[in-house]
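Commentary on secondary and tertiary structure
Listed below are the residues making up each chain.
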Amino acid sequence: MQPNYKRPFSQYVKKAHKPLQLAIEDAVEDICANPDIGDAKSGDLAGIRVYKFAFNRQEYLLAYRPPTDEQRHQDVKVELLMIDFYHLGAHENFYDDLKRYVKSEG
């Protein structure tokens, strides 16, 4: 599956130092290999999953939207399916920022 990086995600990765960027890259590869690895959210964030990983004793959260089951079961090659990566950060204000971005995106 191919990753599709949204603006907040890209900006966070761009500002991060190199070792954290490599840890993020590993997390993205894990998610692309197994899109159901994160915790499914409900309510305002329905359809979004959050994957948690640790780096330097700090827990980071990575929000993404995997392809729907309909998209997965169509006669489309798996390589063509996209995973949207929305947001990345520490737990503080993570969900508030994510809700604000999802709401503004429509």
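Please refer to the structure placed before this passage.
Read on for an overview of the structure.

Cut-off values and rules
Residues numbered from 1 in each chain as written. Predicted model: local features only at pLDDT ≥ 70, side-chain atom pairs only at ≥ 80, totals over all residues. Heavy atoms only, no water. Helix = DSSP H or I, 4+ residues; strand = E, 2+ residues; numbered from the N terminus. Buried < 20%, exposed > 50% of the residue type's maximum accessible area, 1.4 Å probe, protein only. Areas by Shrake-Rupley, 256 points an atom, 1.4 Å probe, with all protein chains shown as cover. Pairing = 2+ DSSP bridges. Contact = heavy atoms within 4.5 Å. Axes fitted to C-alpha atoms, helices over the stretch in contact; angles between N-to-C directions. Core = buried A, V, L, I, M, F, W, Y, C linked by side-chain atoms within 4.5 Å.

Our focus in this paragraph is the overall build of the protein. For the protein, the count of helices and strands is four helices and five strands. Written out in order from the N terminus, the α and β elements of the protein read β-α-α-β-β-β-α-β-α. The buried share of the protein, reckoned over its 106 residues, is 37%. For the protein, the exposed area adds up to about 6,900 Å²; of that, 46% sits on carbon and sulfur atoms.

Moving on to the sheet that holds strand E4 (residues 58-65). Read across the open sheet, the five strands follow the order E1-E5-E4-E3-E2; overall the sheet is mixed. If you trace the sheet from one side to the other, it starts and ends with strand E1 (2-5) and strand E2 (39-40), each paired once. Note: E1 against strand E5 (residues 82-90), four bridges, orientation parallel. In the strand pairing of E5, Gln2 is matched with Met82. Together, E1, E4 and E5 form the strand contacts of helix H1 (residues 7-15), whose direction differs from that of E5 by roughly 55 degrees.

Next up on the list: the nonpolar core. Grouped together as the largest cluster of nonpolar side chains are 18 residues, with contacts concentrated most on Phe53, Leu62 and Phe85. Elements with a minimum of two residues in this core: helix H2 (18-33), strand E3 (49-55), E4 and E5. Counting residues per element, this core draws most heavily on H2, at seven residues. What Phe85 contacts, discounting residues up to four positions off in sequence, is Pro3, Asn4, Tyr5, Lys6, Phe9, Val28, Ile31, Cys32, Leu62, Ala63 and Tyr64. Ranked by size, the runner-up nonpolar core spans 10 residues in total, among them Val50, Leu61, Leu98 and Val102.

Moving on to the pairing of E5. Counting buried positions over the nine residues of E5 gives seven, a clear majority of the element. Direction of pairing for E4 relative to E5: antiparallel, over a ladder of six bridges. Each residue of the ladder has a partner; that of Leu62, found in E5, is Leu88.

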